[in-house]
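Given next are the chains, with one letter for each unit.
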Amino acid sequence: GGASSSSAGGCGGAGGGGGGSVAAQSAYSDALKDRLQRAYAEVEDQVSHAVALRQSLLAARAQAELNTRELADLRAKWTAEQPQREALLKKTGETERRLAEKERRCA
């Protein structure tokens, strides 16, 4: 008798099958919730990373703009000082020639 009642409860009875089904559905639901929470956490991490990357990019762009302005200023200064450099080179050359002439006279 015991085997037949157990078999009837597990296979044909709606209450026995439904209880197992609820437990299975609950476990499946819990697994889905866990998976969803992990997906949300991953998305939040990606958002944080994207925000940090954007901030880094903006800082790099700002630094590049600053460097570009500084380079333009240095080029302008270099160009403006070109006549002074040429005058100094000319003066140095003349001084070297005079010195070489004095050395020849003294030799």
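Preceding this section is the structure that the text describes.
What you see is a predicted model, and the numbers here were worked out from it, not measured in a lab. (Residues numbered from 1 in each chain as written. Predicted model: local features only at pLDDT ≥ 70, side-chain atom pairs only at ≥ 80, totals over all residues. Heavy atoms only, no water.)

## As for the overall build of the protein chain
Right, on to step 1. Within the protein chain, the regular secondary structure consists of two helices and zero strands.
Right, on to step 2. Put simply, the protein chain has 107 residues, and 1% of those count as buried.
Right, on to step 3. For the protein chain, the accessible surface area stands at approximately 9,400 Å², while carbon and sulfur atoms represent 59% of it. (Helix = DSSP H or I, 4+ residues; strand = E, 2+ residues; numbered from the N terminus. Buried < 20%, exposed > 50% of the residue type's maximum accessible area, 1.4 Å probe, protein only. Areas by Shrake-Rupley, 256 points an atom, 1.4 Å probe, with all protein chains shown as cover.)

## Focus: the pattern of salt bridges
Any two side chains of opposite charge can pair, given that their charged atoms come close.
Right, on to step 1. Scanning the model with the defined rule gives two salt bridges in all.
Right, on to step 2. In this structure, the salt-bridge partner of Arg38 is Asp34, at a minimum N-O distance of 3.1 Å. Taken together, the residues Arg38 and Asp34, both in helix 2 (residues 14–106) and four residues apart, mark about one turn of the helix.
Right, on to step 3. In this structure Asp34 comes out as partly exposed when scored by relative accessible area, which is 38%. (Salt bridge = Lys/Arg side-chain N within 4 Å of Asp/Glu carboxyl O.)

## Observations concerning a positive patch on the surface
Right, on to step 1. Together, Lys90, Lys91, Arg97, Arg98 and Lys102 make up a positively charged patch on the protein surface.
Right, on to step 2. Topologically, Lys91 is positioned in helix 2. (Patch = residues over 30% accessible without salt bridge, like charges linked within 9 Å, V, L, I, M, F, W, Y side chains within 5 Å. Lys, Arg positive; Asp, Glu negative; His and termini not counted. Charge placed at Lys NZ, Arg CZ, Asp CG, Glu CD.)

## Here's the deal with a nonpolar patch on the surface
Right, on to step 1. Where nonpolar side chains cluster on the molecular surface, the patch consists of Val43, Val47 and Val51 and spans about 230 Å² of accessible area.
Right, on to step 2. Mapping Val47 onto the fold places it in helix 2.
Right, on to step 3. The exposure class assigned to Val47 is partly exposed, which follows from its relative accessible area of 46%.

## Things to note about the packing of aromatic side chains
Right, on to step 1. Here the structure, examined in full by the defined rule, presents zero aromatic pairs.
Right, on to step 2. Arg85 extends its terminal NZ or CZ atom over the ring of Trp78, reaching a point 3.4 Å from the ring centre. (Phe/Tyr/Trp six-rings, centres within 6.5 Å; stacked < 30°, edge-to-face > 60°. Lys NZ or Arg CZ within 6 Å of the ring centre and 35° of its normal.)

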